[in-house]
Amino acid sequence: MPTIIGIDLGTTNSLVAMVERGVPIVLTDKETGDALLPSVVYFPEGRDAPEVGESAKVRLATEPERTIYSAKRLMGRGFSDVASESEILPYKLSPESAEVIRIELGNGRLVTPPEVAAFVLRTLKARAESHLGEVVEKAVITVPAYFNDAQRQATRDAGRIAGLDVVRIVNEPTAASLAYGLQNKQSATIAVYDLGGGTFDISLLRLEDGIFEVLATGGDSHLGGDDFDLTLADVLLEEIGIPEPDANLRASARVAAEAAKRRLSDHSAAVVTLTLPDGSEFIRTVTRDEFENLTASLVQRTLEPCRQALADAGLTTSDIDEVVMVGGSIRVPAVYAAVKTLFGRDPHTHLNPDEVVALGAAIQADILSGNRDDMLLLDVTPLSLGMETMGGAVERLIYRNSKIPSSARQEFTTSVDGQTKVLLHIVQGEREMAADNRSLARLELTGIPPMPAGLPKLEVTFLLDANGILQVSAKEVRSGVQSDVRIKPAYGLDENEVRRMVRESFTHAEDDFAARMLADIRNEADASLLSAPKLLINYGSELPPEERESIESGLAEFKQVREIATDHAILREAMDAFENIARPLAERAMSGIARHLVAGKSLTEASQYLEERLKENA
């Protein structure tokens, strides 16, 4: 079986994991050793390849209009869904795209949230391929339990654009329970509270002999740690007193607020420092009590879905055996305290809350690979699915918290004599009127033989697959006329757009790779150009004059190539040539450093000291 990786595509950070020798592990970046990849993408001007992760995150304070973060909150949504929120985003959303959010990058360039997510997924895919030494084509990707059909489709589209076959979409709390189940094989009823950067989920599960059955799920796909940051950032901006702060100041305030939130998780106070447009500094101390008062309403917003999920499952808090907390935002002490009070027990946080979802995704990937049969996952759909009927009411076919995969069939008829076609409006949600729910798609059944009203028998079938994605078929039973459609949501990329993006990812792959290689080698060259003059000042006098002149000449030539080179191979060649010329200087510097470190030590002490330093750097 081909390798299937598990990916936690997060609002703030993303991770990739896999199972090795029966144990799930999170894969790290080989250069930095970091497991977390910030879900941030910076799009430079021109054809330079986008930057992803930590290098992109540092651009938030300097080029916020081209640095896209929290794209997950925009997935599968239309402009009207986020119109009020768009006012506080440092990047611009195009108001012309009602059904698919498009982010304006300047010079007429637009990018969609699935494309942004695809860059993050592509980076994680490359990390897995580097670890395995083979091409990875299949993945399990987690989503918030409360993601609707459009948001799940957008996640699948992002995977396709990134070159991944998304074999399963798994709810994040359910994935967390899989990881939790490794340490808890006994029967238990579990509540999984998942508060991430941009979304909140609660799931109630029954664990019995390796079978994970989801009893109920709920949440808010527009509530997370980002909202905590923005609440504090708004207070800071209000106190600064600038009537209309620009995007840079807003972005800086958000970054500062996030840093303060993190510090307040372990300390009673945090100092916020912001550089204002006029060059002055705004310095403010934020206490934990103040932060908790500001965000108390957000914490309370997470508790109502918990109570609703308990009611849906027919449970009380006393029926819950274990409470598991997941997501980086659970580190906020007030969040932990609120969950403990609600369920009347200490929640489990012994697994790394940042990694547990990715580990669960890896386990599900291992199950789908056929490597284990001691676990079974039975998930549910978070929202009801139905059709608009006469008068604009909703006829539900699949109710929320139904097990998936699931199917339902309903018969309808016509209301007009001689009607030869019927338009079926598919909706998702819990409201009684179709206009108040999420419109998924409209399916037209044509070719119905003319009959008196009420005589045709229209049979509509809903099939909800294991990923929570809907397929609808409609048939006129008497004539056999039939129409099938895999629901492509009204709010999402159409198939042609996805195919174009996939083609472009291949078409521009070579250019993008070359641009990324050039960016990486430029960083290496800059580091070398920064250190070489310092070494010349400190150790150049120890070199013969001709060697020093050769190095100085080579440095000037290398600097010139760095300024004009647009090919990474040419710049690499120039850097290698300079490093070869500068080798005597590097050797002098190493000798000088070694002499300084062992000065005053005996030969034995010096040998031991150097051996310890070598072990530290190994």
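Now for a quick tour of the structure. (Residues numbered from 1 in each chain as written. Predicted model: local features only at pLDDT ≥ 70, side-chain atom pairs only at ≥ 80, totals over all residues. Heavy atoms only, no water.)

## Focus on helix α9 (residues 333-343)
Moving on, step 1. The complete set of buried residues in α9 reads A334, V335, A338, V339, L342 and F343. For α9, the buried positions fall inside an angular range of 150° around the axis, keeping them on one side.
Moving on, step 2. In this structure, the buried side of α9 is in contact with β13 (188-195), β14 (200-208), α6 (225-240), α8 (288-313) and β18 (322-326).
Moving on, step 3. Immediately beyond the C-terminal end of α9, within one or two residues, lies G344, with a positive phi of roughly 70°. (Buried < 20%, exposed > 50% of the residue type's maximum accessible area, 1.4 Å probe, protein only. Helix = DSSP H or I, 4+ residues; strand = E, 2+ residues; numbered from the N terminus. Arc of directions from axis to C-beta. Contact = heavy atoms within 4.5 Å.)

## Description of the nonpolar core
Moving on, step 1. In terms of nonpolar packing, the biggest core is built from 49 residues, with I7, L93 and I103 touching the most fellow members.
Moving on, step 2. Residue assignment for this core shows that the elements contributing at least two residues are β1 (4-8), β2 (13-20), β5 (41-42), β9 (103-106), α3 (113-132), β11 (138-143), α4 (149-161) and β12 (165-171).
Moving on, step 3. Ranked by the residues each element gives to this core, the list is headed by α3, at eight residues.
Moving on, step 4. I7 has contacts with L15, V16, L121, L124, A139, V140, I141, T142, L164 and A361, leaving out every residue within four places of it along the chain.
Moving on, step 5. Listed in part, the 45 residues of the second largest apolar core include V299, L303, V339 and F343. (Core = buried A, V, L, I, M, F, W, Y, C linked by side-chain atoms within 4.5 Å.)

## Side note on the sheet that holds strand β25 (residues 438-446)
Moving on, step 1. A sheet is described by the order of its strands in space; here four strands give the open sequence β21-β20-β24-β25, paired in antiparallel fashion. The sheet terminates laterally at β21 (394-398) and β25, the two strands that pair on one side only. Strand-to-strand, the axes of this sheet are offset by a mean angle of 30°, without reference to chain direction.
Moving on, step 2. Sheet topology places strand β20 (residues 385-388) next to β21; four bridges connect them, and they run antiparallel. Directly across from M387, in β21, lies its bridge partner E395. (Pairing = 2+ DSSP bridges. Axes fitted to C-alpha atoms, helices over the stretch in contact; angles between N-to-C directions.)

## Brief notes about the pattern of salt bridges
Pairing of side chains with opposite charge becomes possible as their charged atoms draw close.
Moving on, step 1. For the structure on display, the rule yields 27 salt bridges.
Moving on, step 2. With a closest N to O distance of 3.2 Å, R73 and D227 form a salt bridge. One end of the pair, R73, is in the loop between β7 (67-68) and α2 (83-86); the other, D227, is in helix α6, and 154 residues separate them in sequence. No difference in accessibility class separates R73 from D227, as the two residues are buried.
Moving on, step 3. Salt bridges sharing partners connect three or more residues here, namely R73, D226, D227 and R254. (Salt bridge = Lys/Arg side-chain N within 4 Å of Asp/Glu carboxyl O.)

## Some thoughts on the packing of aromatic side chains
Moving on, step 1. Applying the stated rule across the entire model yields five aromatic pairs.
Moving on, step 2. Relative to Y91, the ring of Y69 has its centre 5.7 Å away and its plane inclined at 80°; by these criteria the two rings are edge-to-face. In this pair, Y69 sits in the loop between β7 and α2 while Y91 sits in the loop between α2 and β8 (92-93), placing the two residues 22 residues apart along the sequence.
Moving on, step 3. Centre to centre, the rings of F558 and F578 are 5.3 Å apart; their planes meet at 25°, and the pair counts as stacked. Separated by 20 residues along the polypeptide, F558 in helix α13 (residues 545-564) and F578 in helix α14 (residues 568-581) bring together distant segments of the chain.
Moving on, step 4. You can call F558 buried: its relative accessible area is 1%.
Moving on, step 5. Residue classification places F578 among the buried residues on the basis of a relative accessible area of 3%.
Moving on, step 6. A cation over an aromatic ring shows up here: R122 above the ring of F119, its NZ or CZ 5.2 Å from the ring centre. (Phe/Tyr/Trp six-rings, centres within 6.5 Å; stacked < 30°, edge-to-face > 60°. Lys NZ or Arg CZ within 6 Å of the ring centre and 35° of its normal.)

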